[in-house]
Amino acid sequence: MAELETTTPGGYLLVLAILLPLAGIMLSFIPGGRAAERVALCSTPFGFALACAVAFLVARTRKPIVYTIGGLPPPLGIALRADGISAVMLIAAAVIVSAAALYARAKFATPESVRESRSSLTFWIMLQAIWAALTIIFVGGDLFNLYVALELLTFAAVPLVCIDGRPETLAAALRYLLFALFGSISYLLGVALFYGANGTLDIPLLAQRVQATPVVWTAAALMTAGLLAKTALFPVHLWLPPAHANAPAAASAVLSGLVVKGSFFLTLRLWFYVLPALPTDKVATILGWLGSAAVIAGSILALRQARLKLLIAYSTVAQIGYLFLIFPLAAGSQAWSGTGWSAGLMQVLAHAFAKAAMFFSAGLLAEALGHDQIARLGGAARALPLTFLTITLGALSLMGLPPSGGFSAKWMMLQASIASGHWLWTLPILAGSLLAAGYVYRILVPAFSDGQVSLELQPKRIQEAIAFALTTIAIALGFAPQAFFDFLEIGRPMPSALP
Amino acid sequence: MTPSVLAGLVGAVLVGLGLYGLILHPHPLRKLLAFNLIGSGVFLIFGIVARRGAGAGLRFDPVPQAMVITGIVVAFAASALAVALILRLSAETSRVTLDPDARKSRNGEDAK
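Residues numbered from 1 in each chain as written. Chains lettered and ligands numbered in written order. Predicted model: local features only at pLDDT ≥ 70, side-chain atom pairs only at ≥ 80, totals over all residues.

A. View of the overall build of chain B. Tallying secondary structure elements over chain B gives four helices and zero strands in all. Helices (α) and strands (β) of chain B occur, in sequence order from the N terminus, as α-α-α-α. Within chain B, the proportion of its 112 residues that are buried is 32%. Contacts spanning at least 24 positions in sequence make up 47% of the contacts within chain B whose residues lie at least 6 apart. (Helix = DSSP H or I, 4+ residues; strand = E, 2+ residues; numbered from the N terminus. Buried ≥ 20, exposed ≤ 12 C-beta atoms within 10 Å, placed from the backbone. Contact = placed C-beta atoms within 7 Å.)

B. A look at the domain arrangement of chain A. All names here are of chain A. Assigned domains of chain A: these are domain 1 (8-110 + 117-140), domain 2 (142-278) and domain 3 (282-491). When each unit is reduced to the centre of its C-alpha atoms, the spacing between domain 1 and domain 2 is 19 Å. If you look at the interface, domain 1 gives 26 residues, while domain 2 gives 26 residues. Of all the secondary-structure elements, those providing two or more residues to the side of domain 1 that touches domain 2 are α3 (84-108) and α4 (118-139). The biggest single contributor to the side of domain 1 that touches domain 2 is α4, with 13 residues. (Domains from an automatic or database assignment.)

C. Seen up close, the interface of chain A and chain B. Contacts between chain A and chain B engage 24 residues on the former and 31 residues on the latter. For the side of chain A that touches chain B, the secondary-structure elements that each account for two or more residues are α5 (143-161) and α6 (167-198) of chain A. For the side of chain A that touches chain B, the element with the highest residue contribution is α6(A), accounting for 17 residues. When its residues are assigned to classes, the side of chain A that touches chain B shows 19 nonpolar, two polar and three charged. (Nonpolar A, V, L, I, M, F, W, Y, C, P; charged D, E, K, R; others polar.)

In structure tokens form, the structure reads like this:
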């Protein structure tokens, strides 16, 4: 019988990190009106501080922080755990949510003339709800709890897509919801089978108990299929481009940067934390092929778009594909799997920051020009220099040019695939970068060419500065030291270490 | 055939029927109903799991039953959100379709 887990010092921080945005929702909802915006803006610095405190504790103790709810250890109770990747994702979520909140003040401030407007109240509450759901996903230790968090995330993300109520956004939101519902019910069926086969849903306990039986494989396949639908991996990406491209810019940034990473994070948890003891080579290869197909198809579709926001949304489809290359490259405990793991997580972070910055900039551009048709961008870079600097730097990271987080991620992926001897994986990585260069070229060439544009609206300096700050983080990730990658390994189970 | 096996098979059939409806029916309301059918099948399977998974000498394991209740609440909330979206969509466009080109193609035919 394994030793029962107990709460570690600082475990209460995880509870606070979940309670803060949830309390914010209550405090926004009851008084309503302008209070929602103030609560959301005031709580983000605290959330960032909590995330940093969690990361600091994990780094100091070199062990995950654990909190057992009600003092009941699993399998009877439920544990919250924060390891290296949870802490990093908590910080990333806090930064992007804060940036989105500051950016959204221009559009979603309650107008002076009314006490409360529906779109403002919805935006501020749903933003906090997304944050709360992501926090639970990053620290949750029980597969059923994670299901509820995944549903919360969907229910918070869908209203943000159709917040302005145009018919096409309603259709996009409905399509998103139906895909997500399929995903969640499939995940839930997997959870039922896991519980039936092993009698627990706690992640470390399951990892000790699972055996390569047909039930476990079926459960894992159902959960993975559900999570892929929610992550929008090609070929189930159909809902993503209309949903992300039609949402307001502040919402698109959160949806593309963070929300799809929530379900990806659970896929990582499933294959690397629940099932590391199983021979998963074949599954990893299938996921890698799907990822490669997403990289190629997403990039080619991005090349064909006439609207800037749609192009950026299809680029998300392609960049999600890169994430799934982590499965073949980081599986097992070979010499290269550490590199593959670092590469995958770096890709998650670099894409989150770069894509959020690009959606912010695309929103500014659309407001300033009154359209976002790529063909009519002529001369726009001269009129909006800072916005285009942001787009260019974000695009560098997406293409994987040094120095940037995207470069580090793709470089390490190449290293891992060559070291593993499966050099075929280098082809989609390189082709994806070339194609990304192609679609970025399509934006930048008309923008930097001569031409006259008339600005309908001068963009706010503060909004441009926020987008620029995020893109700077994406670039700065390229200079991450080795200590950062060691941090990401904290709490990751190694197949050889398991009984 | 024991009652557990029968209930399990019924659950599997419900999931299968629901999946068929969710993928093949074009109308969102029918898709939503199909989703609820899958949900019923999954909850039935949870019931079987509660019966079989009782390891501690209890006649029934209460944990999956608690999960079913949570699952039903979540599925109900999801259905409510979807119905609200469908109603709003039909109020705005007077037709409910998920096909983004449907309006365009209809206008195109009118032009011909």
